[in-house]
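Each chain, written out:
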Amino acid sequence: MFHLFGIRHHGSGSTRSLLQALSACQPDCILIETPADAEGLLKHLEENPTFRTPVAMLIYDPKNISRASYLPLAEFSPEWQAIHFGLQQKIPVRFIDLPMGLGFAFDAAERENQQASLDLAEKLSPEERQFHHDPMGALAQLAGYSDSERWWEVMFESVENQVEIFAAILEMVTALRQAAAHETAETLRREAFMRQTIRQAQKDGFQNIAVVCGAWHTPALNDLS
């Protein structure tokens, strides 16, 4: 069994709901959407329990330092709190996103051949391009908001939601992704890797797995077949 907790990265309301959910389900393993090649952070935190945020991890390609990415974490970040929940409860924590090393390689290959992305963009109508760019914006407009970030803040971050909110988020995003129809190759690769890591955790014998990931990914991870 695994539980999907779709959050907004660095969302304080998401953190409140997530900690309630983790306490309620008492997982035997926590999987977090963070690049797998950043797992060295976990050992550092185990050895330095007084380590404090804000902090940013820097992952880069030593052969080409222009290929680099910062991964910021704050005290209120859901990922940070999930890590500490696992460490405090002696629950194994794993990072499940596509390693940045692979991501750098894929990005370089795609920059050399951008025609596929251009072809897809030409096939979409202006309305489809807008929906593809900001799918949450469609729901925000229905609720009377012009800004999807503000709408999400009001609906999911500024209120005390119960743990059932994660099931509602999964249902909502599932409908949005079915309507969107298209997804980037980068997102599909990352989600395929995350599914693989969830299956590996199941093979390793974990039976009550908590998966903490961006809300947009939850439908893709819900079905492991």
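How each quantity is defined
Residues numbered from 1 in each chain as written. Predicted model: local features only at pLDDT ≥ 70, side-chain atom pairs only at ≥ 80, totals over all residues. Heavy atoms only, no water. Helix = DSSP H or I, 4+ residues; strand = E, 2+ residues; numbered from the N terminus. Polar contact = N/O pair within 3.5 Å; in protein donor to acceptor, adjacent residues only side chain to side chain. Pairing = 2+ DSSP bridges. Axes fitted to C-alpha atoms, helices over the stretch in contact; angles between N-to-C directions. Core = buried A, V, L, I, M, F, W, Y, C linked by side-chain atoms within 4.5 Å. Buried < 20%, exposed > 50% of the residue type's maximum accessible area, 1.4 Å probe, protein only. Contact = heavy atoms within 4.5 Å.

So, the environment of R52
Residue position: R52 is located in the loop between α2 (40-47) and β3 (55-61). Along the sequence, R52 and E75 sit 23 residues apart, while their C-alpha atoms lie 7.9 Å from each other. Within polar-contact distance, the side chain of R52 engages the backbone oxygen of T50 at 3.1 Å.

Notes on the sheet that holds strand β1 (residues 2-7)
Judged by pairing direction, the sheet is parallel, and its 4 strands sit side by side in the order β1-β6-β2-β5 without closing on themselves. Sheet topology places β1 and β5 (93-97) at the edges, where each strand pairs with a single neighbour. Within the sheet, the average angular offset between the axes of one strand and its neighbour, ignoring direction, is 30°. Where strand β2 (residues 29-35) meets strand β6 (residues 209-214), 4 bridges bridge the pair, whose relative direction is parallel. Bridged to C29 within β6 is I209.

Considering the nonpolar core
By size, the foremost hydrophobic cluster in this structure holds 41 residues, and its most contacted members are F5, I30, I32, I83, F95, M136 and W152. For this core, the element with the most residues is helix α9 (residues 165-180), which contributes 6 residues. When neighbours within four sequence positions are excluded, F5 is seen to be in contact with L18, A21, L22, C25, F166, A210, V211, V212 and C213. In terms of nonpolar packing, the next biggest core, distinct from the first, is built from 14 residues, C29, V211, L221 and L224 among them.

Some points on the environment of L170
For L170, the position within the fold is in helix α9. Remark: the alpha-carbon pair of L170 and A220, spanning 50 residues in sequence, is separated by 10.0 Å. Discounting chain neighbours no more than four positions away, the residues touching L170 are T218, P219 and N222.

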